[in-house]
Amino acid sequence: MQVATGKSVLNGIAIGKIKVYTPPKVVISEKLIDDVEAELARFDEAREKAIDQQNALYEKAVIDAGEDSAEVFSVHAMMLEDDDLIDATKAIIQTQKHNAEYAVKVAFNNQARVFAEMDDPYMKERSADIYDIEQAVLNVLFGIDPESMQGTEPAILVANDLTPSETVRLDKSLLLGIITREGSLNSHTAILARSMGIPALVQCGDVASKWDGKTAILDGYNACAYIEPTEDLMTSLRNKRDADLKQKALLQELKGQSNTTIDGKTIKVYANIGGPSDIGLVQKNDAGGVGLFRSEFVYLNSKDYPSEEEQFNAYRLAVESLAPKQVIIRTCDIGADKQVDYMNLTKEENPAMGCRAIRLCLTRRDFFKTQLKALLRASAYGNLGIMFPMIISTRELHECKELLQECTEELQKRDISVGNYSIGVMIETPAAVMIADELAEECDFLSIGTNDLTQYTLAIDRQNAALDPFLNTHHPAVLREIKMTIEAGHRHGAWVGICGELGSDLTLTETFLRYGVDELSVNPVSILPLRKVIRGIDLRKEPEMK
Amino acid sequence: MKEIEFTVNDPNGIHARPAGVLVKTLKTFSSNVTIFKGDKNVDMKKLLALMGMGIKQGDTVKIQIEGDDEEACAAELEKSLKENF
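Residues numbered from 1 in each chain as written. Chains lettered and ligands numbered in written order. Predicted model: local features only at pLDDT ≥ 70, side-chain atom pairs only at ≥ 80, totals over all residues.

Student: Explain the packing of helix α2 (residues 67-79) of chain A against helix α1 (residues 16-26) of chain B here, please?
Tutor: Helix packing geometry: the angle between the two helix axes and the distance between the axes. Taken N-terminus to C-terminus, the directions of α2(A) and α1(B) make an angle of 45°; their axes are 9 Å apart at the nearest point. It follows that α2(A) is oblique to α1(B) by the angle criterion. Read as a crossing pair, α2(A) and α1(B) show a hand that is left-handed. Across from A:E71, A:S74, A:V75 and A:M78 in α2(A), the residues of α1(B) making contact are B:A16, B:R17, B:G20, B:V23 and B:K24. In terms of residue class, the contact of α2(A) with α1(B) is built from four nonpolar, two polar and three charged. (Axes fitted to C-alpha atoms, helices over the stretch in contact; angles between N-to-C directions. Helix = DSSP H or I, 4+ residues; strand = E, 2+ residues; numbered from the N terminus. Parallel < 35°, antiparallel > 145°, perpendicular 65-115°, else oblique. Left-handed = near helix turned anticlockwise from the far one by under 90°. Contact = placed C-beta atoms within 7 Å. Nonpolar A, V, L, I, M, F, W, Y, C, P; charged D, E, K, R; others polar.)

Student: I keep staring at helix α7 (residues 188-196) of chain A and nothing clicks. Help me out?
Tutor: Side chains three or four residues apart in an α-helix point the same way, a direct result of the helix having 3.6 residues per turn. Residue and element names in this part refer to chain A. Listed in full, the buried residues belonging to α7 are H188, T189, A190, L192, A193 and M196. Looking at the buried residues of α7, the elements they touch are α1 (36-65), α2, α6 (164-169), β5 (175-180) and β6 (200-202). Two residues or fewer past α7, G197 is found with a positive phi of approximately 75°. (Buried ≥ 20, exposed ≤ 12 C-beta atoms within 10 Å, placed from the backbone.)

Student: Please explain the sheet that holds strand β3 (residues 40-43) of chain B as it appears in this structure.
Tutor: Strand pairs in the sheet, formed through backbone hydrogen bonds, run parallel or antiparallel to each other. Residue and element names in this part refer to chain B. If you trace the four strands from one edge of the open sheet to the other, you get β1-β4-β2-β3, paired in antiparallel fashion. Strand pairing shows two members of the sheet lacking a second neighbour, β1 (2-7) and β3, which therefore form its edges. Ignoring which end each strand starts from, the neighbouring axes of this sheet average 20° apart. The pairing of strand β2 (residues 32-37) with β3 spans four bridges and is antiparallel. Within β3, the residue paired with T34 across the bridge is D43. (Pairing = 2+ DSSP bridges.)

Student: I would appreciate a short explanation of helix α18 (residues 476-491) of chain A in the present structure.
Tutor: Residue and element names in this part refer to chain A. Here α18 contains 16 residues, and its C-alpha end-to-end distance of 22 Å stays within 8% of the 22 Å for a straight helix at 1.5 Å per residue. Taken as a whole, α18 has its buried residues at V478, E481, I482, T485, I486, A488 and G489. Looking straight down α18, one finds that the buried residues subtend no more than 170° of arc, so they occupy a single side. Exposed and facing more than 90 degrees away from the buried side of α18 are P476 and R491. (Expected span 1.5 Å × (residues − 1). Arc of directions from axis to C-beta.)

Student: How should the nonpolar core be read in this particular structure?
Tutor: What tends to happen in soluble globular proteins is that the nonpolar side chains get buried as a cluster. Core analysis: the biggest nonpolar cluster contains 94 residues, and A:I156, A:V158, A:A225 and B:L50 have the highest contact counts within it. Those residues in contact with B:L50 that sit more than four places away from it in its chain are B:I14, B:A19, B:V23, B:I35, B:V42 and B:M44. Formed by 79 residues, the second largest nonpolar core is a distinct cluster that contains A:A287, A:Y315, A:I391 and A:V425. (Core = buried A, V, L, I, M, F, W, Y, C linked by C-beta atoms within 7 Å.)

Student: Please clarify how the interface of chain B and chain A should be interpreted in this entry.
Tutor: A common measure of how large an interface is: the accessible area buried when the components associate. Counting from both sides, the interface comprises 17 residues of chain B and, opposite them, 20 residues of chain A. Looking at side-chain class alone, the side of chain B that touches chain A contains seven nonpolar, six polar and four charged residues.

Student: Teacher, can you tell me more about the pairing of strand β13 (residues 421-427) of chain A here?
Tutor: Remark: a regular strand shows side chains that alternate across the two faces of the sheet. Residues and elements named next belong to chain A. With five of seven residues buried, β13 is to be regarded as a mostly interior element. Considered for its hand, the β-α-β crossover made up of strand β12 (residues 383-388), helix α14 (residues 394-413) and β13 is right-handed. Where β13 and strand β14 (residues 445-448) come together, four bridges link them in parallel fashion. Across the sheet, the residue bridging to I427 is I448, located in β14. (Right-handed = clockwise from strand over helix to strand, strands pointing away.)

Student: Could you clarify how one ought to interpret the confidence of the model for chain B in this entry?
Tutor: For residues with low pLDDT, the predicted coordinates do not support detailed interpretation. All names here are of chain B. Of all residues in chain B, 100% attain a pLDDT of 70 or more, and the chain-wide mean is 89. Mean pLDDT across the elements of chain B bottoms out in α1 (87) and peaks in β2 (94). Across the interface, the model reports ipTM at 0.89; the global pTM reads 0.58. (pLDDT = per-residue confidence, 0-100.)

Student: Just to check I follow, could you spell out the environment of B:E83 for this structure?
Tutor: Residues and elements named next belong to chain B. Assignment of secondary structure puts E83 in helix α3 (residues 70-84). Given 11 C-beta atoms within a 10 Å radius, E83 is considered exposed. For the pair E83 and D10, spaced 73 residues apart in the sequence, the C-alpha separation amounts to 9.8 Å.

Student: Sorry if this is basic, but what is going on with the sheet that holds β13(A) here?
Tutor: Residue and element names in this part refer to chain A. What the eight strands build is a closed barrel, ordered β9-β10-β11-β12-β13-β14-β15-β16; its pairing is parallel. Mean inter-strand twist for the sheet, computed between neighbouring axes without regard to direction, equals 25°. Sheet analysis places strand β11 (residues 326-330) next to β12, joined by five bridges and oriented parallel. What sits directly across from V327, in β12, is L384. Taken strand by strand, α18 contacts β13, β14 and β15 (495-498), and its axis lies near 155° from that of β15.

Here it is as structure tokens:
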């Protein structure tokens, strides 16, 4: 048995025979040509065929890997229409009388080099795109059929490197896994493999052509591959793989299903996200909406105060692309452990109890109003909830609502329309729990932030590992507070959700349902496992004693 | 001639895909469109040259539009810049 190591793209296991792919060797002739017109026509024809192929790959990739991963191919098609690149290639044919293959190689390589020499890491990587389209045009010119790289039986494909085009062309029904010597975890190929759910190992220096035809296990969990594995290893990893596949199939089955218990109670399961880039995950994991959209990214990704326009664009993108699903955006929660240079926050002895979140916003009102206006504008594009963090008194909530009113009037003066939206409060302190009834009276929903609530209730800093022996995340005090909040909310007409980490603690799901929780908002990947647990609960049964 | 000044907001700068869409849009107009950043300038209807400018978030660029349909072209361009960058 040989053990080969690399970097793993996906937690998954593939078992099967290896097929080593060696790209066909092509030699580009340097012989000069006579018929320039014919050669130009050959190039044009090949280029157009390559564009058609890239567009077809785009369509295939949208289905196999999703729209985001597929975009690379529509970019390729556009690059193949670039006038500079076409002119440079044709000039080599016309002036140097070289054949189309030679001209493509020289002109495309030059362009790839331009990108490779740029400072920006993103632009640097675009050289790979140029090499990919160069290969595509050359394949057409040489009459190479790029589909023939796989054998006829399902196999783990081993190659030196794979371009995005090569990866998407692969027939998934014959593809168990991928191992490459080159590549990186962030390359298009890795991204495509990940979204297609194919276990893959990149940067595996041990790749050898003699592996061809041998049996192997690709263990994505441990970033290694076993060539000719022992019988014991085979049995244990086969079991693990089968369990994986079962789990995956089950979760797939849960998509589109409701979050309903056996006895018929349905709750909302929403997603917690950190920025517009997570919108895809919300859809992929079938969330009912977004229960906590942390707006800090607009501040943390910026060198200076983000403008109203900038914020509006980000909020609108989320609200509009997820409509009619509800998107609850939490207003700025800067301070404490989240610091931003340009805000020049005063250094505090005890930041967790300091000028953070709503306290900071109500101190710096112009700053806060910029965000509120951006949110109000976004409300016209979908189903928005605005949620205020760290509220400990009704006075603070009143002030927030007054500011919303003020901002609405200012926007109306600018002829900008404001849509409907709901207002919510985060319950993060024992104080907020105690007055949850009064808060509920003044808003549409309450959302319990269990991380801070635990920290403030138990007076335990969660970052301090020395306190672990004293920390009980299921502390009865915290659980009672959750129960009290839910009951207070319901008595006073507000729905109540949980958006902290406890929301995805599957050992508490039944408890929360018995408390009457209306919504659980969790990380996107926890949504389907949570749905599975909810669908297995029967509230008519006596709760098990724990 | 019309002139637009624009500061790139998108954290990714001018990325391949939105740049490609922009170029496609511009190609539907007959006007010449030139983009200036510092002392560099390129024809904005050329995708690879535009990407080669390496325009990042926070960069301010100047764009000149000249031709028969410059009004419409500038309006469309401005809209597209606001939406995508």
